[in-house]
Amino acid sequence: MTSSKGANRPKVLLLGVIEHAQASWEAIGEIAQILTPKSTNRADFIQEAFSGAFDGCVAAYRTFDSFEVTGKVDGELLQALPDSLRFLCHNGAGYDQVDVQACTARGVRVSNTPTAVDDATADLGIFLLLGALRNVAVGMASLRAGEWRGKVLPALGHDPQGKVLGILGMGGIGRNMAKKAKAFGMHIRYHNRTRLGAETEKEIGAEYVDFDTLLAGSDVISLNLPLNPKTRHIISRNEFSKMKTGVVIVNTARGAIMDEAALVEALDSGRVSSAGLDVYENEPDIHPGLLANSRVLLVPHMGTFTVETETKMEEWAISNVHMAVESGRLRSIVPEQKSMDM
């Protein structure tokens, strides 16, 4: 379907649905011709692109759920899309569905929505942290089974006060979570690819440590780093073996950062006492060992699921489309492409 307005205006490809920021998207329709694919799967989408249906598009807006139609934005997909495409505006902080290297090779600049997701994702991280510490998943499962607290009283949980929270990945979400965890009396340690400045560390009240020290010294470990080839399975059997017995794991980043099979083994052995998970290695499929373990608090990738945050994300991504069309720039080009933002 093609907008009837302004056939001579720049073209923008809409991949996904605008749920909240309709007024902002309508404003895009005033400066550009909006194209919407008819395809419902990757094979058909590629064929539709090769047919010339999207020729002339200079920018594309995409959602996380558009993956169901297009699959990963990789070299194969980019080959089918027109040469006119120069901007890919992704609605999300994480962008592992996009092969940035392939985009760079094609001269396509990629943007995301940093900071817009920080509060909501960190809030859910704190919810999972407290729930896993207190073993609430066990009680919830017993209650739903009509057994009150269960046939056998569940193991007592733990207070967060005085516990060491180790944050792996101290970006916007990690820093936000650190500040909130301090309110519960937790001691914050972190490991990051790049150490924060002294003033930021002081403001957050966080201590920088090396990776192995983070693993060995934390009572709770929160994963808050992006998924890429270097971080895939950064937590696996070897890393679990270095952790305290009874450690709690929280993951609101991406499932494949952690080896789920190794996590199941660590839970079964008692090395990990409980876990709070929002993301999974093969979504929407979840490892049966996680589903079967009542000490794992599970939610279905809901880190940004608030009206306010989803709206902020859409507004941010749409602002990237607007800048791309109007000025040939992006508000928030991804870090890997900073050299292209000239």
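Cut-off values and rules
- Residues numbered from 1 in each chain as written.
- Predicted model: local features only at pLDDT ≥ 70, side-chain atom pairs only at ≥ 80, totals over all residues.
- Heavy atoms only, no water.
- Helix = DSSP H or I, 4+ residues; strand = E, 2+ residues; numbered from the N terminus.
- Rg over C-alpha atoms; globule rule 2.2 N^0.38 Å.
- Buried < 20%, exposed > 50% of the residue type's maximum accessible area, 1.4 Å probe, protein only.
- Contact = heavy atoms within 4.5 Å.
- Areas by Shrake-Rupley, 256 points an atom, 1.4 Å probe, with all protein chains shown as cover.
- Lys, Arg positive; Asp, Glu negative; His and termini not counted.
- Charge placed at Lys NZ, Arg CZ, Asp CG, Glu CD.
- Pairing = 2+ DSSP bridges.
- Axes fitted to C-alpha atoms, helices over the stretch in contact; angles between N-to-C directions.
- Right-handed = clockwise from strand over helix to strand, strands pointing away.
- Core = buried A, V, L, I, M, F, W, Y, C linked by side-chain atoms within 4.5 Å.
- Salt bridge = Lys/Arg side-chain N within 4 Å of Asp/Glu carboxyl O.
- Polar contact = N/O pair within 3.5 Å; in protein donor to acceptor, adjacent residues only side chain to side chain.

Observations regarding the overall build of the protein
- Within the protein, the regular secondary structure consists of 14 helices and 12 strands.
- A globule of 342 residues ought to have a C-alpha radius of gyration of about 20 Å, and the protein, at 22 Å, matches this closely.
- When the backbone C-alpha atoms are referred to their principal axes, the protein occupies close to 70 × 50 × 35 Å.
- Considering the protein as a whole, with its 342 residues, one finds that 49% of them fall into the buried category.
- Put simply, 68% of the contacts in the protein that link residues at least 6 apart link residues at least 24 apart.
- Surface accessibility of the protein: about 16200 Å² in total, with carbon and sulfur atoms responsible for 54%.
- If you average the places of the 35 positive and of the 41 negative side-chain charges in the protein, the two averages end up 4 Å apart.

Thoughts on the environment of Gly92
- Relative to the elements of secondary structure, Gly92 occurs in the loop between strand E4 (87–91) and helix H5 (100–105).
- Accessibility expressed as a relative area gives 7% for Gly92, which makes it buried.
- Note: C-alpha distance between Gly92 and His158 (66 residues apart in sequence) is 34 Å.
- Ignoring sequence-local partners within four residues, the contact set of Gly92 consists of Asn112, Thr113 and Met313.

Observations regarding the sheet that holds strand E10 (residues 247–251)
- In spatial order, the strands read E8-E7-E6-E9-E10-E11-E12; together these 7 strands make up an open sheet with parallel pairing. With partners counted over all chains shown, the strands left at the sheet margins are strand E8 (206–208) and strand E12 (296–298), one partner each. With direction set aside, neighbouring strand axes in the sheet form an average angle of 20°.
- For strand E6 (residues 164–168) and strand E7 (residues 187–191), the ladder comprises 5 bridges, and the chain directions are parallel. By the bridge assignment, Ile167 is partnered in E7 with Tyr190.
- On the sheet, helix H12 (residues 260–269) packs against strand E11 (272–277) and E12 and is oriented at approximately 140° with respect to E11.

Side note on the pairing of E4
- Where burial is concerned, most of E4 is hidden: 5 out of the 5 residues are buried.
- On E4, burial covers both faces: Phe87, Cys89 and Asn91 on one face and Leu88 and His90 on the other are all buried.
- In this structure, strand E3 (residues 57–63) lies alongside E4, joined through 5 bridges in parallel fashion. Looking at E4, one finds that Thr63 is bridged to Asn91.
- Of the strand pairs in this sheet, E4 and strand E5 (residues 109–111) are connected by 3 bridges, and their pairing is parallel. Within E5, the residue paired with Leu88 across the bridge is Val110.
- Regarding the hand of the β-α-β motif, the stretch spanning E4, H5 and E5 is right-handed.

Remarks on the sheet that holds strand E1 (residues 11–15)
- One open sheet holds the 5 strands; their spatial order is E2-E1-E3-E4-E5, and the pairing between them is parallel. Every interior strand has two partners, whereas the edge strands, strand E2 (33–35) and E5, have only one. Sheet twist, expressed as the mean angle between neighbouring strand axes with direction ignored, is 20°.
- Along the sheet, helix H14 (residues 307–327) makes contact with E1, E3, E4 and E5, crossing E4 at roughly 170°.

Here's the deal with the pairing of E1
- Within E1, 4 of the 5 residues are buried, leaving the element largely enclosed by the surrounding structure.
- Of the strand pairs in this sheet, E1 and E2 are connected by 3 bridges, and their pairing is parallel. Considered in E2, the bridge of Val12 is made with Ile34.
- A crossover links E1 with its parallel partner E2, the connecting element being helix H1 (residues 22–31), and its sense is right-handed.
- Taken together, the 5 bridges between E1 and E3 define a ladder with parallel strand orientation. Paired with Val12 across the bridge in E3 is Ala59.

As for the nonpolar core
- Judged by nonpolar contacts, the single largest core of 28 residues is most densely connected at Phe240 and Ile249.
- Residue assignment for this core shows that the elements contributing at least two residues are helix H10 (211–217), strand E9 (220–223), E10, H12 and E11.
- Element by element, the count of residues in this core is highest for H12, at 5 residues.

Notes on the pattern of salt bridges
- For the structure on display, the rule yields 13 salt bridges.
- In this structure, Glu201 and Arg195 form a salt bridge, with 2.8 Å as the shortest nitrogen-oxygen distance.
- Residues joined by salt bridges that share partners form a network here, namely Arg42, Asp74 and Glu76.

Details of helix H8 (residues 172–182)
- Those residues of H8 that fall on the buried side of the exposure criterion are Ile173, Gly174, Asn176, Met177, Ala178 and Ala181.
- The elements touched by buried residues of H8 are helix H6 (118–133), E6, E7, helix H9 (198–204), E9 and E10.

Description of the side chain of Asn112
- Mapping Asn112 onto the fold places it in the loop between E5 and H6.
- According to the relative accessible area criterion, Asn112 is buried, its value standing at 7%.
- One polar contact links the side chain of Asn112 to the main-chain carbonyl oxygen of Ala93, over a distance of 2.9 Å.
- Those residues in contact with Asn112 that sit more than four places away from it in its chain are His90, Gly92, Ala93, Tyr95, Trp316, Asn320, Ser332 and Val334.

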